Amino acid sequence: MSLNSKGVEILSIGTELLLGNIVNTNAQWISEQLAQLGLNHFRQSTVGDNFDRIIKIIQEISKRSNLLIITGGLGPTPDDLTTEAIAKSFNVPLFERPHLWEEIKKKLSNTKLKENSSSLRKQCFFPKNAQIINNPRGTAPGMIWEPIKGFTILTFPGVPSELKTMWEETAFKFIKNKFS
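Residues numbered from 1 in each chain as written. Predicted model: local features only at pLDDT ≥ 70, side-chain atom pairs only at ≥ 80, totals over all residues. Heavy atoms only, no water.

S.K.: Help me out: how do you make sense of the pairing of strand β1 (residues 8–13) in this one?
M.R.: Within a regular beta strand, the side chains point alternately toward one face of the sheet and then the other, so they alternate between its two faces. Buried residues dominate β1, accounting for six of its six residues. Side chains Val-8, Ile-10 and Ser-12 project from β1 onto one buried face, and the interleaved Glu-9, Leu-11 and Ile-13 project onto a second face that is buried too. Alignment of β1 against strand β2 (residues 41–47), held across six bridges, turns out to be parallel. Across the sheet, residue Glu-9 finds its bridge partner in β2, namely Arg-43. As paired elements, β1 and strand β3 (residues 67–71) share five bridges and run parallel to each other. Bridge pairing links Leu-11 to Ile-70 in β3. (Buried < 20%, exposed > 50% of the residue type's maximum accessible area, 1.4 Å probe, protein only. Helix = DSSP H or I, 4+ residues; strand = E, 2+ residues; numbered from the N terminus. Pairing = 2+ DSSP bridges.)

This is the structure in structure tokens:
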């Protein structure tokens, strides 16, 4: 099945986007990057920080697209639900990547670690066969994962500078090699 028979979609996650508190510059930037790669995307969606709604839209997108690029919801706060919702969408467990916890600890002061260790640690859990996208600018890594044949998900934090660095270091080459 060729990519263009189903297409690429962008999913932005965050209640702050729906409320208009911040402008969704990530979707615009990703759109430009996809165009540079010669890829058309046919749909952009935004959903709030709601576990069930995130699951529902991911399941819908998996039936109509080959590639889903997700931004937002990867951080340590209680409303960062993206990775858990993706895993639940395909009924797979998450596994801790201990090396990621070591990397997070190196990035943060001891004070921040003591205050937030359990919430920070949730950023280290991914589906078993997911490839990690390193985040040199923040604590939340992303992933490249093919939960079902012919459907790949890439995840990025909502912070634009983190997204752009991760895209340039990992995603651009992956998408170019696999999809364009």
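S.K.: Please explain the environment of Gly-7 as it appears in this structure.
M.R.: Within the secondary structure, Gly-7 sits in the loop between α1 (3–6) and β1. Overall, the relative accessible area of 0% leaves Gly-7 in the buried class. Taking the C-alpha atoms as reference points, Gly-7 and Arg-64, separated by 57 residues in sequence, lie 7.6 Å from one another. When neighbours within four sequence positions are excluded, Gly-7 is seen to be in contact with Phe-42, Ser-65, Asn-66 and Leu-67. (Contact = heavy atoms within 4.5 Å.)

S.K.: Got a minute to help me understand the nonpolar core in this structure?
M.R.: Generally speaking, nonpolar side chains in soluble globular proteins are found buried as a group. Core analysis: the biggest nonpolar cluster contains 25 residues, and Leu-11, Ile-54, Ile-58, Leu-68, Ile-70, Ile-86 and Ile-153 have the highest contact counts within it. Counting residues per element, the ones that place at least two in this core are β1, α4 (51–64), β3, α5 (82–89), α6 (98–107), β7 (142–148) and β8 (151–156). Take this core: its biggest share by element is five residues, from α4. Excluding residues within four positions of it along the chain, Leu-11 makes contact with Ser-45, Thr-46, Val-47, Ile-57, Ile-58, Ile-61, Leu-68, Ile-69, Ile-70 and Thr-71. (Core = buried A, V, L, I, M, F, W, Y, C linked by side-chain atoms within 4.5 Å.)

What is shown is where atoms sit, not what they do.
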